[in-house]
Amino acid sequence: GKDMQACKAALTAADGGALYDALNRDGEIKLEVAGKEVALTSAEVEIRLSAKEGFAAASDHGRVMVLDMHITDALKKKGLAREAVSKFQAVRKQLDLPHEARISVVWSAEGALHEALTEHAAYVAGEILATDFQPSEEERDWWVLKTELGSSDGYFSADVDGNAVFFKVEVVSI
């Protein structure tokens, strides 16, 4: 009753991790409140895990997991490359290529997508079975024009997370 505010202050000042460990290990926590030792059980106190902004946390059976939810540039590029693989695979399917067919891809993209495809070229090529996966040296306007004329000549475009990629697919072997 009368020591409730002092108990609350002692809990706030204590190390939450140490309190959690003691409660799980001993079934109670001991605090110094108003000059005397007080023991609190799990029926009297609740310890909640809360993560800092940008992190996610969970606990179970005395174990705690914390994940950093920040998306780094490297992670974003890997995600763009993986999404681009999906778009290239959709074109393979559209062309009704056999699974084992090898292709050659010349592509044009800008900004983060260009960086992602350049940095992860080997990964993308491996996933889409491309024997050659190269950025184009043509002007971007040329790619836009070729794609607008239609994909009958093997020219395609796709949206990868708000970034346009233009590309030409040629079958190398079936």
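Up top is the structure.
Source: prediction; values computed, not measured. (Residues numbered from 1 in each chain as written. Predicted model: local features only at pLDDT ≥ 70, side-chain atom pairs only at ≥ 80, totals over all residues. Heavy atoms only, no water.)

Right, let's get into the overall build of the protein chain. Check the secondary structure of the protein chain and you find six helices and eight strands. Starting at the N terminus and ending at the C terminus, the protein chain contains elements arranged as α-α-β-β-β-β-α-β-α-α-β-α-β-β. In terms of overall size, the protein chain is more extended than a compact globule, its C-alpha atoms giving a radius of gyration of 29 Å where 174 residues would be expected to give roughly 16 Å. C-alpha extents for the protein chain along the principal axes are approximately 85 × 35 × 20 Å. The proportion of buried residues among the 174 residues of the protein chain is 29%. Sequence-distant contacts in the protein chain: of pairs separated by 6 or more residues, those separated by 24 or more amount to 57%. Accessible surface, the protein chain as shown: approximately 11500 Å² in total, 50% of it carbon and sulfur. A distance of 5 Å separates the average location of the 19 positive side-chain charges in the protein chain from that of its 30 negative side-chain charges. (Helix = DSSP H or I, 4+ residues; strand = E, 2+ residues; numbered from the N terminus. Rg over C-alpha atoms; globule rule 2.2 N^0.38 Å. Buried < 20%, exposed > 50% of the residue type's maximum accessible area, 1.4 Å probe, protein only. Contact = heavy atoms within 4.5 Å. Areas by Shrake-Rupley, 256 points an atom, 1.4 Å probe, with all protein chains shown as cover. Lys, Arg positive; Asp, Glu negative; His and termini not counted. Charge placed at Lys NZ, Arg CZ, Asp CG, Glu CD.)

Another point: the packing of helix H3 (residues 73–94) against helix H4 (residues 111–119). One can describe the packing of H3 onto H4 by two numbers: an axis separation of 8 Å at closest approach and a directional angle of 85°. Compared by their axis directions, H3 and H4 come out roughly perpendicular. Residue-level inspection shows Lys77, Leu80, Ala81, Ala84 and Phe88 of H3 in contact with H4, the latter providing Ala112, Leu113, Glu115, Ala116, Leu117 and Glu119. In terms of residue class, the contact of H3 with H4 is built from eight nonpolar, no polar and three charged. (Axes fitted to C-alpha atoms, helices over the stretch in contact; angles between N-to-C directions. Parallel < 35°, antiparallel > 145°, perpendicular 65-115°, else oblique. Nonpolar A, V, L, I, M, F, W, Y, C, P; charged D, E, K, R; others polar.)

As a further point, take the packing of H3 against helix H5 (residues 121–128). Interaxial distance between H3 and H5 falls to 10 Å at its minimum, and their mutual angle equals 30°. Considering the angle they form, H3 stands roughly parallel to H5. Judged by the twist between their axes, the crossing of H3 over H5 is right-handed. Here Lys78, Ala81, Arg82, Val85, Phe88, Gln89 and Arg92 of H3 come into contact with H5, specifically with Tyr123, Val124, Glu127 and Ile128. (Left-handed = near helix turned anticlockwise from the far one by under 90°.)

What follows covers the nonpolar core. Counting residues in hydrophobic clusters, the biggest one holds 26 residues, and the most contacted among them are Phe88, Val105, Leu117, Ile128, Phe133, Val165 and Phe167. Of all the secondary-structure elements, those providing two or more residues to this core are H3, strand S5 (102–109), H4, H5, strand S6 (130–135), strand S7 (155–160) and strand S8 (163–173). Among the elements that line this core, the one with the most residues is H3, at six residues. Contacts of Ile128, omitting those with residues within four sequence positions, involve Val85, Phe88, Gln89, Arg92, Ile103, Val105 and Phe133. Counting ten residues, the second-largest nonpolar core is a separate cluster that includes Cys7, Ile29, Leu31 and Val33. (Core = buried A, V, L, I, M, F, W, Y, C linked by side-chain atoms within 4.5 Å.)

Taken in spatial order, the four strands line up as S6-S5-S8-S7 in an open sheet, and their pairing is mixed. The open sheet is flanked by S6 and S7, the only strands paired with a single partner. Between one strand axis and the next, the sheet turns through 25° on average, direction left out of account. Of the strand pairs in this sheet, S5 and S6 are connected by five bridges, and their pairing is parallel. For Ile103, the partnering residue across the bridge sits in S6 and is Ala130. Seen against the sheet, H3 touches S5, S6, S7 and S8 and runs at an angle of roughly 145° to S7. Set on the sheet, H5 makes contact with S5 and S6; between it and S6 the angle comes to about 140°. (Pairing = 2+ DSSP bridges.)

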